[in-house]
Amino acid sequence: MNSPQRTGTSPKLRKALLVGLTTLAAASAMAVVIVPRALHGHGHLHQLAKGLYHEIKGSSVQAAALPAERADGPMVIYTDKLGDGWADWSWCDRDLASKSPVHTGSAALRVTPKNFSGLSLHHGNFSTRGYAALQLYVSGDPRSLLVALPLESGSWGTKVSLAKYCHPATGGWQVARIPLEDLGADRSGQTITGLIFQTASAQSYPAISLDDISLLPDTSLPTAPTTATVSLTVNAATGRHPISPYIYGMAFAPPEILSDLKVSVNRWGGNDKTRYNWVQGNADNAARDWGYRNRYASDGSVPPGTSSAADRFVRSNTAAGAATLLTVPTIGWVARDDDNSHASANVPNSGGNGLRGVDGPIAGYDPAANRLATSVRSLPRKNAPFTNNPTQASGMIYQDEWIAHLQKTFGTAGHGGVQFFSMDNEPDIWDYTHTDVHPARMGYDDVLKNFLDYSTAVKDVAPSVMVTGPVSWGWTGYVFSAKDRGDDNFATHADRTAHGGEMFLPWFLKQVHAHDVKAGKRSLDILDVHYYPQASGTFSGQTDKDTQALRLRSVRSLWDPTYKDESWIATSLYIIPRLRGWVAANYPGTKIGITEWNFGADDHINGGLAIADVLGIYGRENIYLANYWACPAKNGPGYQAFKLFRNADGLGHGFGDIACTAASTDQSKLACYAATDSGSGDLTLMLINKMFKATVSAPISFGGFDPAGTVKMWRCDADNPRSLTVLPKTALKRTITLPPQSITLLRIPAQK
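Residues numbered from 1 in each chain as written. Predicted model: local features only at pLDDT ≥ 70, side-chain atom pairs only at ≥ 80, totals over all residues. Heavy atoms only, no water.

Undergrad: Please clarify how the overall build of the protein chain should be interpreted in this entry.
TA: Counting secondary structure elements, the protein chain contains 14 helices and 37 strands. Relative to the globule expectation of 27 Å for 752 residues, the C-alpha radius of gyration of the protein chain, 28 Å, shows essentially globular dimensions. Residue burial in the protein chain is summarised as follows: out of 752 residues, 60% are buried. With 69 positive and 65 negative side-chain charges, the protein chain shows a spacing of 2 Å between the two charge centroids. (Helix = DSSP H or I, 4+ residues; strand = E, 2+ residues; numbered from the N terminus. Rg over C-alpha atoms; globule rule 2.2 N^0.38 Å. Buried < 20%, exposed > 50% of the residue type's maximum accessible area, 1.4 Å probe, protein only. Lys, Arg positive; Asp, Glu negative; His and termini not counted. Charge placed at Lys NZ, Arg CZ, Asp CG, Glu CD.)

Right, dumping it as structure tokens:
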């Protein structure tokens, strides 16, 4: 992904369900051995439909339906102005703030229908489940307009005549109430993207006014439950293991966030850092995310000079007590300068198989001219004495020389220096993100060789640092190489077949292990992947009820082998146990990192709940390193979720650092995570009520712990989502009451 300082393409919803991906998912699933429960250059949001898999087409995977419950109230589409989340995508003459006539309030919509033009009111995907009818008020001749619902697929539902549903109201207005079933949305609901009023014919009609447009709840359905009981079991003596402090990481977090949230590790990474020129110091290129233009690697206040932007980043982290994860460019080319006018041209939509190896041209495109226009050569080793302040006069940049500079400037990893280095960023999609300089797809052997060339160079200079790799973008990168895409979208996956049919990451681990055994030292310390939920709308800011529920369910893909991912992947992922199993079988002792993750909507309580759930899972499942992309919105619910784990009391106390057993009788309603504090002995509980409307009564059974004194509690909930509420101290109760959509931290002192 790109650096957050300059985002690339604006976020759009992934529509990655393309024929071939269904085949791809099936092929992946068949090869799976079940393991026992053992705005960055990512401005493109990994939009597979418009990028990596833009030519494939297929049917979408249906998410599990919510219970049949009525909507909480009318959804306002227009009253005086467009409702929240609604936008004008019309192709007609219209006035969205007409002062006359008006049904209620101060304004109405006024449309001049002609020649099949349309008033299109757009909304992100949402389900009509829980709603019964569309209601609006009309002034003028309704025979001029047809009404339809645009569907997620891009087609329209049933068109109906507005006039058919109009009845006299007051003040010369008519009211229309159109059953959603008549528009093609039955009682089970239909995923739509808005509302359209289209001119009924090619002729012109007098202007017509529309006002007070809304979807009405289905009163035949029950309301959402308002109470529930979920039992919890906590045993402080079992399931114990240290929680790595490095799971509470971010990317490009500024000093004030580093300090307030006690961020443990701050990442310098993303698509642009693949082409960071450390010799120039403040130059990179975010490739497809920023028009293939060179640019500042940080901001204009950092002057050019040896590693200037990266050095400032490291100093900022050190001052705040955060470790640093730096990306080492391994693509072979970095930006020669920060001049925006130096850009690649005539770049194809995506890469392909290399004609003369992985570093050369593809059919129809030779990167040589664009490399010359934007870049300078970058190599893993200098094979000559290092200079602390080199120039690029030779036309070569050496990455081991950068590591030497960093050690000379900041010290070794154990003495104040950089602790983590990742071997670049998502090489499995370089042919898509960095097509201009690296159009050739990377195969199994290419990724392995590239990793070893650079990781051994880094380790030879700085043996005490921790190296991460191969930094795979997501699911296809775990199980295939980019070459496997071929001309049939992974159906035959020729590269994997040529490597014994083995999935990529297990194969990679096995090969690196063999290399390291022979060399007598590690080149890989942390198996590094990225993970973003692929289910429709989850990584976006969508917060309709269906997407909220889907977002919370999607978290299960991190750990639950019984959960079938509700996306184009359409199989059980259980990412963390799977990675753990691959490590155990192929390179024991390797740690696991997820150095980019994000479940979306972190400025909404739903996104905050998801973040809290993920952080709890990372601790329970013994992940070593994790970095949120990039920082949650300042003081939003996602921000508060991090604060509960790291600094709830403002004194550096939050969730404990020794995980222990915690179980909920219904994790989909109430998630529970437990840990003891190695400093104080306190037991800490993180309780996440995921229910929309229900207050949960939670009886708690304790074991392996003798509580004493009063309990301290902090909370973030839907009623107070932008700060933490410090709850009154209280004696320990064996049943705790939790409001809907809430995250609550309990700190329970132990008997001394």
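Undergrad: Mind showing me how you'd approach the sheet that holds strand E3 (residues 86-88) here?
TA: Working definition: the strands of a sheet are paired by backbone hydrogen bonds and lie parallel or antiparallel to each other. Pairing in this open sheet of five strands is antiparallel, and the strands run E3-E6-E12-E8-E9 from one edge to the other. Every other strand in the sheet has two partners, leaving E3 and strand E9 (160-161) as the edge strands with one partner each. (Pairing = 2+ DSSP bridges.)

Undergrad: Just to check I follow, could you spell out the packing of helix H7 (residues 444-461) against helix H10 (residues 504-519) for this structure?
TA: Geometrically, a packed helix pair is captured by the angle between its two axes and the distance between the axes. In the contact formed by H7 and H10, the axes pass within 11 Å of each other and the chain directions differ by 40°. One element, H7, and the other, H10, form an angle in the oblique class. Here H7 runs over H10; the crossing is right-handed. Counting all contacts with H7, which are made through Tyr444, Asp445, Val447, Leu448, Phe451, Leu452 and Thr456, the residues of H10 involved are Phe504, Trp507, Phe508, Gln511, Val512 and His515. Taken together, the residues of the contact of H7 with H10 sort by class into nine nonpolar, three polar and one charged. (Axes fitted to C-alpha atoms, helices over the stretch in contact; angles between N-to-C directions. Parallel < 35°, antiparallel > 145°, perpendicular 65-115°, else oblique. Left-handed = near helix turned anticlockwise from the far one by under 90°. Contact = heavy atoms within 4.5 Å. Nonpolar A, V, L, I, M, F, W, Y, C, P; charged D, E, K, R; others polar.)

Undergrad: Whenever I open this one, the packing of helix H11 (residues 545-554) against helix H13 (residues 605-620) confuses me. Can you help?
TA: At a minimum axis separation of 9 Å, H11 and H13 run at an interaxial angle of 5°. Overall, the two elements H11 and H13 adopt an arrangement that is roughly parallel. Across the interface between the two elements, Gln548, Arg551 and Leu552 of H11 pack against Asn606, Gly607, Leu609 and Ala610 of H13. Per-class residue counts for the contact of H11 with H13 are three nonpolar, three polar and one charged.

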